[in-house]
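The chain contents come next:
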Amino acid sequence: MKPMRVGIVGLGSIGGSLGYDLRDRGCPVVGVSRKSSTCERAVELGIVNEAGCELERLGTADLVILCTPIGKLEAIARQVIPHLNSEAVLTDVGSVKAPIVAGIDPLWPRFVGGHPMAGTHESGVEAAQRSLFVGRPYVITPTPKTDPEAIAVLDRLITLIQAQRYDCAPPIHDQAVARISHGPVMISAALVAMANAQGNADEAAVAALAKQLASSGFRDTSRVGGGNPELGLMMAQYNRDAMLHCLQAYRAELDGAIAAIESENWDALNQWLIQTQGTRPDFVD
Ligand code: NAP
């Protein structure tokens, strides 16, 4: 089979990581990014065969992957499309799918939304890593009118980077990631804020001691809430409805726990904890 010629727009952590693996699998990769210094660095690191700021470079690509920050994906798609050849497949890697797919799908007949579910806490070209996606989920969100040949091209990409393909409708993707990724960022941030409560001198003393005592349990539960604020904000802005639904459902669960504790209904609390203990392995090992 002829190697797939790939264009990557946005040579940051995700775009760069894709570039490394696609080149390692024999695909010629052309990169386009905003800063010429990023393009030069991507060539130096071996992420791409060639790179520059000009979208004209994408004209020979069989597959163009948009890897810019989520708020810019639709605007960039509009700029990229006039430079694509008519057979090119266009995809994006945005962490939220419904608004992106609604914006780009009508613009290009061979567009398929996607979300490779792996990442780093760092951003930019230096954060790109080899084999980042191996064994990780790669969700694609075709619509009923998506060209099956375009889906086949995405399937080839996913196979090349050794990820695991999942297909679903864009809103289902957004609701699922709200439950396991976007919502937990807010919940974990609330946990950090609660642990740091210092409304009066006594509370301040408690917070000071808690900081000394915090260990692995707090490290696990607070990790995502103590991350990059821009990412949490982006999740809330672009996945607003699913985020709100998730946080309201979480509040209802907490209210149930509070009611059981207030009324000393230890059986109810115990049943709830037995259920959550049994359910967790369905999500993570
Ligand atoms: P990132 O490291 O900040 O990379 C984005 C890159 O896009 C930047 O390095 C920037 O390169 C480039 N860029 C910005 N504006 C541009 C423009 N107008 N034209 C061309 N290039 C532009 O971000 P990231 O973490 O890779 O995230 C990129 C996308 O992946 C987002 O849509 C995000 O939702 C998605 N995603 C992220 C993760 C994750 O964990 N990080 C996981 C899955 C999906 P310059 O240096 O040239 O400015």
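Everything discussed here concerns the structure shown above.
Calculation rules
Residues numbered from 1 in each chain as written. Predicted model: local features only at pLDDT ≥ 70, side-chain atom pairs only at ≥ 80, totals over all residues. Heavy atoms only, no water. Patch = residues over 30% accessible without salt bridge, like charges linked within 9 Å, V, L, I, M, F, W, Y side chains within 5 Å. Areas by Shrake-Rupley, 256 points an atom, 1.4 Å probe, with all protein chains shown as cover. Salt bridge = Lys/Arg side-chain N within 4 Å of Asp/Glu carboxyl O. Helix = DSSP H or I, 4+ residues; strand = E, 2+ residues; numbered from the N terminus. Near = heavy atom within 4 Å. Polar contact = N/O pair within 3.5 Å; in protein donor to acceptor, adjacent residues only side chain to side chain. Nonpolar A, V, L, I, M, F, W, Y, C, P; charged D, E, K, R; others polar. Axes fitted to C-alpha atoms, helices over the stretch in contact; angles between N-to-C directions. Left-handed = near helix turned anticlockwise from the far one by under 90°. Contact = heavy atoms within 4.5 Å. Parallel < 35°, antiparallel > 145°, perpendicular 65-115°, else oblique. Buried < 20%, exposed > 50% of the residue type's maximum accessible area, 1.4 Å probe, protein only.

## Thoughts on a nonpolar patch on the surface
Okay, so step 1: A cluster of nonpolar side chains, I180, F283 and V284, forms an exposed patch at the surface whose accessible area comes to about 300 Å².
Okay, so step 2: Secondary-structure assignment places F283 in helix 11 (residues 266-283).

## A few points about the site of the ligand
Okay, so step 1: Near the ligand, the surroundings consist of 26 residues, among which S33, R34, T38, S95 and G124 are the closest.
Okay, so step 2: K72 places a side-chain nitrogen or oxygen 3.4 Å from a nitrogen atom of the ligand.
Okay, so step 3: Here an oxygen atom of the ligand and a side-chain polar atom of S95 are 2.6 Å apart.
Okay, so step 4: Listed by contribution, the elements that provide at least two residues to the shell around the ligand are helix 1 (13-24), helix 3 (73-80) and strand 6 (111-116).
Okay, so step 5: Grouping the constituent residues of the shell around the ligand by class yields 10 nonpolar, 13 polar and three charged.

## Examining the packing of helix 6 (residues 170-195) against helix 10 (residues 240-262)
Okay, so step 1: Closest axis-to-axis distance for the helix 6/helix 10 pair is 8 Å, and the angle between their directions is 65°. Seen from above, helix 6 lies across helix 10 with right-handed handedness. Residues D174, Q175, A178, R179, H182, G183, M186 and I187 of helix 6 lie in contact with helix 10, whose contacting residues are A242, M243, C246, L247 and Y250.
Okay, so step 2: When the residues that make up the contact of helix 6 with helix 10 are grouped by side-chain class, the tally is eight nonpolar, three polar and two charged.

## A look at the packing of helix 6 against helix 9 (residues 229-238)
Okay, so step 1: Across the interface, helix 6 lies against helix 9 with an axial gap of 10 Å and an inter-helix angle of 120°. By the criterion of interaxial angle, the relationship of helix 6 to helix 9 is oblique. Crossing angle aside, the handedness with which helix 6 passes helix 9 is left-handed. Here helix 6 contributes S181, H182, V185 and M186 to the contact with helix 9, which in turn contributes G232, M235 and A236.
Okay, so step 2: Split by residue class, the contact of helix 6 with helix 9 holds four nonpolar, three polar and no charged.

## Some thoughts on the side chain of K97
Okay, so step 1: Of note, K97 is situated in the loop between strand 5 (89-92) and helix 4 (98-104).
Okay, so step 2: At 2.7 Å, the side chain of K97 and the side chain of D92 are in polar contact.
Okay, so step 3: Residues in contact with K97, not counting those within four places in the same chain, are D92, G113, G114, H115, T141, P170, H173 and D174.

## Considering unusual backbone geometry
Okay, so step 1: Despite not being glycine, Q162 shows a phi value in the positive range, around 60°.
Okay, so step 2: Within the fold, Q162 resides in the loop between helix 5 (148-160) and strand 8 (164-167).
Okay, so step 3: Taking relative accessible area as the criterion, Q162 reaches 44% and is therefore assigned partly exposed.
Okay, so step 4: A positive phi angle, near 55°, is found at E264, a position not held by glycine.
Okay, so step 5: Residue placement: E264 occurs in the loop between helix 10 and helix 11.
Okay, so step 6: Judged by its relative accessible area of 55%, E264 falls in the exposed class.

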